[in-house]
Amino acid sequence: MKFHNPVLRGMYPDPSMCAANGKYYMVCSTFSYFPGVPLFESDDLINWKQIGHCLTRKSQLLLENSSITGGGIYAPTIRFNNGRFYMVVTNVSNIGNFYVWTDDIYGEWSDPIKVEQDGIDPSLFFDDDGKVYFISNGNDKTGRGYIQISQIDIETGKKLSENEPLWYGTGGRYIEAPHMYKFNGYYYLLNAEGGTEYGHMVNYARSKNLKGPFEPCPANPVLTNRNLGGYQLQGAGHGDIVQATDGTWWFCHLAFRQIDKYMPFHHLGRETCMEPVIWKDDWFYIGTPCCSLFDKQGYGEALLEVELPFEHKFEQQNFNYHKNFQNLTTKNDWNYLRNPHKENYEFGIDFLKVKATNKTIKNLEDSPSWVGIRQCAFEEEISCQVELSKSETVSKGSTAESGLSLFMDENHHYDIFITKEGNDFYANSRICVGQADSLKEKLKLASNKATFKILANAYCYQLFLQTEKDMILLSQADTRYLSSEVAGGFTGVYLGFYAVDSNSSAVATFTNLNVVHKEK
Ligand code: 6LW
């Protein structure tokens, strides 16, 4: 029985999952996109359906002055205890570590409960004796990382004990992603090390006591692809473990699909994969055994096609999609930059209206008129018509621009758009790579409407103006310059729909959206 990784494609990093009421729930990090922390449900752990977001209100998620790629919401943890769901996370731009809870997984989550503990990647551990522990990473004065723990009051978030270091890991840099579990009388302390790049890995240690001493698993790193340089799936690390209702064990984790060229790069962000877990002598082993080394306590690898070592029923996966305004639901698919001004967006059954403001995407304090969906596959064909309000309705002297943006961050994006200058309308494109910001030659349009087409493959984006007769290539540029290796940060490419106007008066109407993709 085989399934394909990643199971969640596009920017869905730092997964955490829990089992509850016969189903499984998963969350991922979202940085400065709003709403925050997508929430998925699954019946079989292979197919995940988004049912909402945990952070849907400004009171839960303040994102002012946060950069898209490195600010806002870092790795979350989801836990289910005593009928209640908890989601604990860090807003690095604002409140720090906090958690929210809900008794209805399909409903709203509580306001944030702050926890006065430093570090990122917080996790909760509910021990058998009713005590609740808060775990995060931390650094000593020399910069050496460790995992730290304190006891908290889960009603109030108040600390009941000081932070105590638990484990310094196995020697990799950036110790993070800690989770504590209790299985078969052992406490298991999981982490990720090596940094969320090509050397990423998962390690764990066990102890009969909550606070150690911990005995590292002899197979550490228990999951890594750091030795698989030529393989497409890279950066396997940062994950969480769950036992399924059929008794099988599973691990979710992040990894990314590199473009197989030296030097490698990736631009779709870190994605979510699943791995089978097997147990032997109270140690667990994750993923596909490297050269059958499990017998000799070797490590596991994260593969694109996973052969299950046990029986488990799941639905056939389907990675083909055709997205349009009809089937994209406003609640789950659309993300804004920082806290949106909702009055500037109207989602119709077959259109999207975006009211321009004078805030450009370079404005980090506020939220520009921009709303986007993730790019989920290397090969995509995108088309959309953009109509900018006619000259009469736009304030005199204003310069308005609206279009589609292949958006990695505010300094790395490729745009194709209409501009209004005086009473005239033009089609134009822009390749923005850091300070290298180049506008192409503009083409005068006969009206205030244009249809744009984008062809994407692993290496290149092509941006076309589609006329009745022709497809006119306005720009093409390498995917590499929108990659994490170039742009930095933690996110992946989005398809953005935006509008900007020096006088905040223009309105853009997007229609006939088609995003088509076929993948194994
Ligand atoms: C996250 C950390 C990491 O908090 O990257 O890969 C950070 N792991 O655990 C941001 O996603």
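Shown above is the structure to which this text applies.
A short tour of the structure in this document, coming up. This structure is a prediction, so every number in the text was calculated from the model and none was measured. (Residues numbered from 1 in each chain as written. Predicted model: local features only at pLDDT ≥ 70, side-chain atom pairs only at ≥ 80, totals over all residues. Heavy atoms only, no water.)

## As for the sheet that holds strand β22 (residues 271-280)
Part 1 of the argument: Here we have four strands laid out as an open sheet, ordered β20-β21-β22-β23, and antiparallel in their pairing. Each having just a single partner strand, β20 (233-243) and β23 (283-286) make up the two edges of the open sheet. Adjacent strand axes in the sheet meet at a mean angle of 30°, parallel and antiparallel pairs treated alike.
Part 2 of the argument: Bridging between strand β21 (residues 249-257) and β22 involves seven bridges; their strand directions are antiparallel. Among the inter-strand pairings, H253 is bridged to a residue of β22, identified as C273. (Pairing = 2+ DSSP bridges. Helix = DSSP H or I, 4+ residues; strand = E, 2+ residues; numbered from the N terminus. Axes fitted to C-alpha atoms, helices over the stretch in contact; angles between N-to-C directions.)

## A short note on the pairing of strand β31 (residues 370-374)
Part 1 of the argument: Burial of β31 is extensive: five of the five residues sit out of reach of the surface.
Part 2 of the argument: Along β31, one buried face is formed by W370, G372 and R374 and the opposite face, lined by V371 and I373, is buried too.
Part 3 of the argument: Direction of pairing for strand β28 (residues 335-337) relative to β31: antiparallel, over a ladder of two bridges. Residue pairing across strands places N335 opposite G372, the latter belonging to β31.
Part 4 of the argument: Strand direction decides the pairing type here: β31 and strand β41 (residues 494-501), joined by five bridges, are antiparallel. By the bridge assignment for β41, V371 is matched with F497. (Buried < 20%, exposed > 50% of the residue type's maximum accessible area, 1.4 Å probe, protein only.)

## Comments concerning unusual backbone geometry
Part 1 of the argument: Note the cis peptide between G212 and P213, where omega equals 10°.
Part 2 of the argument: Considering the arrangement of structural elements, one finds P213 in the loop between β17 (201-207) and β18 (215-216).
Part 3 of the argument: Here N220 and P221 are connected by a cis peptide whose omega angle stands at -5°.
Part 4 of the argument: At R338, a residue that is not glycine, the phi angle is positive and equals roughly 60°.
Part 5 of the argument: By secondary structure assignment, the location of R338 is in the loop between β28 and β29 (345-347).

## Topic: the sheet that holds strand β13 (residues 145-152)
Part 1 of the argument: Reading across the sheet, the four strands line up as β11-β12-β13-β14 and stay open at both edges, with antiparallel pairing between neighbours. Edge positions in the sheet fall to β11 (123-126) and β14 (164-167), since each has one partner strand and no second. Between one strand axis and the next, the sheet turns by 40° as a mean value, whatever way the strands run.

## Remarks on the site of the ligand
Part 1 of the argument: Residues in contact with the ligand amount to 13 residues; listed here are only the nearest, D14, D121, T196, H238 and R270.
Part 2 of the argument: With respect to the ligand, the side chain of D14 contributes an N or O atom lying 2.4 Å from an oxygen atom.
Part 3 of the argument: A distance of 2.9 Å is found between an oxygen atom of the ligand and a side-chain nitrogen or oxygen belonging to H238.
Part 4 of the argument: Considered on its own, the ligand offers 300 Å² of accessible surface; in the complex 99% of this is hidden by protein. (Near = heavy atom within 4 Å. Polar contact = N/O pair within 3.5 Å; in protein donor to acceptor, adjacent residues only side chain to side chain. Areas by Shrake-Rupley, 256 points an atom, 1.4 Å probe, with all protein chains shown as cover.)

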